[in-house]
Each structure stands twice: as C-alpha cells, then as structure tokens.
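Geometric and topological summary
Chain by chain, the residues run as shown.
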Amino acid sequence: MVDKFVYTETDDDGQKKRAQNVFNCFLDDAYDIPVDEGMSVAQYMLKVHEVEQKVIRDNLDHESIFHFMNLILKHGTSVTASIKAGKRHSASRANKAKVFYWCDDNMHLHDSMDDAAWDIAETFVPEKFRAVRDWMTEWKKLRSASTP
C-alpha cells in the first residue's frame, strides 16, 4: 500500500517527483484502509492520519519535504481563491436560476428573446442585458427539442 511511493533519487528533480507523488497520494486518498464494522468516523480518521504520517515519514526527507510544503501552499492558495470566487459570484448564480425559472413560466409572453431579456434586465434581476441574454440562450439550449 505505502511501499509504492518509496524513492531513492537524490537529485532535485527526484526530490520534486517524490514530493509530488506523496502530495498526489494525499489528494487522491490513495490509501486502502479497511473500514471495520462498528468503527466510528473519528476512529477511521485517526487511522487515515496515522497512514498519512507514515507516508510522509517513509517517503520524504529534509530536502523533499520542502517541495512537499510548497505544493501544499500552492494548493491551499488555489482552494482559497476558488472559495472566494464562489462567494463573489453566488448572487449572479442565484439571478441566473431566477432567469431560468422565469423563462420556463413566462417566455411565451414575449415575441423575441431580446424583448424578454430587456424586460428581465430592467425589472426582474439587477444584471446587464448581455448577461441576461446569454443566460436565456443557455436556457434555450438546455431545453428539450420537443419543448415549445
């Protein structure tokens, strides 16, 4: 299980490769830890933690741990940026959902999608015409071909 990550390279590329493989192991949860009947989540997580410590101890030395920590830092920065972007765009996603529901119920009342988009952008959601029109195009593409 853990032995497949053992490396013997001593050059910098080998150290980076070793760190990357251990990091990938963490991301992929590549441990085959059996779940015993009656095991609590806390007990399972403790076993996972023990295996992760063993993977680090057995496969990373004082040189490759530096590369491993850099990978963790970069990944953490990326995850943080994704979370912040998700929060920043949550109102837009909610407005898009409102437009989709509105189109399902009211699209038949307008002669064209442009007219409907102007109506929505001016009264229903605080978005620009272009954004609303793009969402309506997406809504139309998602509908079944047989839907009027």
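A few points on the structure. (Residues numbered from 1 in each chain as written. Predicted model: local features only at pLDDT ≥ 70, side-chain atom pairs only at ≥ 80, totals over all residues. Heavy atoms only, no water.)

Brief notes about the overall build of the chain
Looking only at helices and strands, the chain features six helices and zero strands. Along its sequence from the N terminus, the chain presents helices and strands in the succession α-α-α-α-α-α. For the chain, the proportion of its 148 residues judged to be buried stands at 28%. Within the chain, contacts between residues separated by at least 24 positions form 56% of all contacts whose residues are at least 6 apart in sequence. Working note: accessible area of the chain is about 10400 Å², and carbon and sulfur atoms make up 56% of it. (Helix = DSSP H or I, 4+ residues; strand = E, 2+ residues; numbered from the N terminus. Buried < 20%, exposed > 50% of the residue type's maximum accessible area, 1.4 Å probe, protein only. Contact = heavy atoms within 4.5 Å. Areas by Shrake-Rupley, 256 points an atom, 1.4 Å probe, with all protein chains shown as cover.)

Regarding the environment of D104
If you trace the backbone, D104 turns up in helix 4 (residues 90-106). Spatially, the C-alpha atom of D104 lies 9.4 Å from that of R143, the residues being 39 residues apart in sequence. In this structure the side chain of D104 is engaged in a polar contact, spanning 2.7 Å, whose partner is the side chain of W139. (Polar contact = N/O pair within 3.5 Å; in protein donor to acceptor, adjacent residues only side chain to side chain.)

Structural notes on the pattern of salt bridges
One pass over the structure, following the stated rule, counts five salt bridges. A salt bridge links D114 to R133, with the shortest nitrogen-to-oxygen separation between them at 2.6 Å. Placement of D114 in helix 5 (residues 113-124) and of R133 in helix 6 (residues 129-142) is noted, with a sequence separation of 19 residues between them. D114 sits in the partly exposed class, given a relative accessible area of 35%. (Salt bridge = Lys/Arg side-chain N within 4 Å of Asp/Glu carboxyl O.)

What to know about the nonpolar core
It is characteristic of soluble globular proteins that their nonpolar side chains tend to be buried jointly. By size, the foremost hydrophobic cluster in this structure holds 16 residues, and its most contacted members are V99, W102, C103, M107, I120, V132 and M136. Other than its neighbours up to four places away in sequence, M136 contacts V99, C103, M107, M113, A116, A117 and I120. If you look at the next biggest cluster of nonpolar residues, it comprises ten residues, including V22, F23, V55 and F68. (Core = buried A, V, L, I, M, F, W, Y, C linked by side-chain atoms within 4.5 Å.)

Remarks on the packing of helix 1 (residues 12-28) against helix 2 (residues 41-59)
The interhelical angle for the contact between helix 1 and helix 2, taken along N-to-C directions, is 175°, at an axis separation of 11 Å. Viewed along their axes, helix 1 and helix 2 adopt a mutual orientation that is roughly antiparallel. Packed against helix 1, whose contacting residues are R18, V22 and F26, the element helix 2 presents E52, V55, I56 and N59 at the interface. Split by residue class, the contact of helix 1 with helix 2 holds four nonpolar, one polar and two charged. (Axes fitted to C-alpha atoms, helices over the stretch in contact; angles between N-to-C directions. Parallel < 35°, antiparallel > 145°, perpendicular 65-115°, else oblique. Nonpolar A, V, L, I, M, F, W, Y, C, P; charged D, E, K, R; others polar.)

Looking at the packing of aromatic side chains
Scanning the entire structure with this criterion turns up two aromatic pairs. Considering the side-chain rings of F23 and F68, the 6.4 Å spacing of their centres and the 75° angle between planes classify their relative orientation as edge-to-face. Of this pair, F23 sits in helix 1 while F68 sits in helix 3 (residues 64-88), placing them 45 residues apart in sequence. Take F23 and F68: they sit in the same class, and that class is buried. Taking 4.2 Å as the distance between ring centres and 15° as the angle between the ring planes, the aromatic pair formed by W118 and F129 counts as stacked. Taken together, the residues span a long stretch of sequence, with W118 in helix 5 and F129 in helix 6 at a distance of eleven residues. On the basis of relative accessibility, which here comes to 18%, the residue F129 falls in the buried class. (Phe/Tyr/Trp six-rings, centres within 6.5 Å; stacked < 30°, edge-to-face > 60°.)

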